[in-house]
Amino acid sequence: MRHGLLLAAATALAGCGAEDASPPVPTAAAEQACVAAVERAAGTRGGEVASTRVTGTDVQVIVRLPGRTPWACLANPAGAVAEVMDTASNEKDGA
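What you see as residue numbers is a count from 1 along each chain, following the sequence as written. A pLDDT threshold of at least 70 governs which residues receive local features in this predicted model, and a stricter bar of 80 or more applies before side-chain atom pairs are shown or counted, although totals over entire chains, interfaces and linings include all residues. Excluding hydrogens and water, the side-chain values take into account all heavy atoms of the structure.

*Asks:* Would you mind showing me how to read the nonpolar core here?
*Replies:* The nonpolar side chains of soluble globular proteins are, as a tendency, buried together. Ala30, Cys34, Val35, Val38, Ala42, Val59, Val61, Val63, Leu65, Trp71, Cys73 and Ala75 together form the largest nonpolar core, which totals twelve residues. Elements represented by at least two residues in this core include exactly α2 (28-42), β2 (58-64) and β3 (71-75). Here the element with the most residues in this core is α2; it accounts for five residues. Sequence-distant contacts of Val63, defined by excluding residues within four places in its chain, comprise Cys34, Val35, Val38, Gly47, Glu48, Ala50, Pro70 and Trp71. Residues enter a nonpolar core if they are buried and are Ala, Val, Leu, Ile, Met, Phe, Trp, Tyr or Cys, with the set joined through side-chain atoms within 4.5 Å. With a 1.4 Å probe rolled over the protein chains alone, any residue whose accessible area is under 20% of its type maximum counts as buried; one over 50% counts as exposed, and the rest are partly exposed. Segments assigned H or I by DSSP are reported as helices when at least four residues long, segments assigned E as strands when at least two residues long, and all are numbered from the N terminus. Working rule for contacts: check all heavy atoms of both residues, and any pair within 4.5 Å makes them a contact.

Here you go:
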């Protein structure tokens, strides 16, 4: 019985940290496209990527602008931007 519990524990631990074997989604094109789209929408320059998160097949990019609230952008890995949003307006709208 004890041997069976040890085997079960070892098997469970072997799976710890095992991630999906699929290759990582490239984000550079989405990041560049999002910074450009946010700068265009905000009418300013100097945008920087604050964070990037892959959600399914899309890339969510948070862009920081000098002296402004962050903007959110959704694009595909190839850099086609689907949505750009000022997070300050989003908060005011309650969305």
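*Asks:* Would you explain the state of the cysteines in this entry?
*Replies:* Note on terminology: a disulfide is the covalent bond linking the sulfur atoms of two cysteines. The definition used for a disulfide is geometric: two cysteine sulfur atoms within 2.5 Å. Under the definition given, this model contains one disulfide. Disulfide pairing places Cys34 opposite Cys73 at an S-S distance of 2.1 Å. Between Cys34 and Cys73, the S-S dihedral sits near -70 degrees, and the bridge is therefore left-handed. Residue Cys34 is found in helix α2, and its partner Cys73 is found in strand β3; the two are separated by 39 residues along the sequence.

*Asks:* Just to check I follow, could you spell out the pattern of salt bridges for this structure?
*Replies:* Oppositely charged side chains may form a pair once their charged atoms are brought near each other. Here, a salt bridge means any Lys or Arg side-chain nitrogen found within 4 Å of an Asp or Glu carboxyl oxygen. Applying the stated criterion to the full structure yields two salt bridges. For Arg45, the salt bridge identified is with Glu39, shortest N-O distance 3.4 Å. A relative accessible area of 66% means that Arg45 is categorised as exposed. Judged by relative accessible area, Glu39 falls into the buried class, the value being 12%. Linking Glu48 and Arg64 is a salt bridge whose minimum nitrogen-to-oxygen distance equals 4.0 Å. On the criterion of sequence distance, the pair formed by Glu48 in strand β1 (residues 48-55) and Arg64 in strand β2 is long-range, its members being 16 residues apart. The exposure class assigned to Glu48 is partly exposed, which follows from its relative accessible area of 48%.

*Asks:* Explanation requested: the confidence of the model for the chain in the structure shown.
*Replies:* Residues shown with low pLDDT carry predicted positions that ought not to be read at fine detail. The pLDDT score gives, residue by residue, the confidence of the prediction method on a 0 to 100 scale. The predicted model of the chain has a mean per-residue pLDDT of 79, with 72% of residues at 70 or higher. Scored below 50 in pLDDT, residues 1-18 makes zero contacts in the model with residues more than four places away or belonging to other chains. When the criterion is pLDDT under 50, residues 91-95 qualifies, and its contacts beyond four places in sequence or with other chains add up to one contact.

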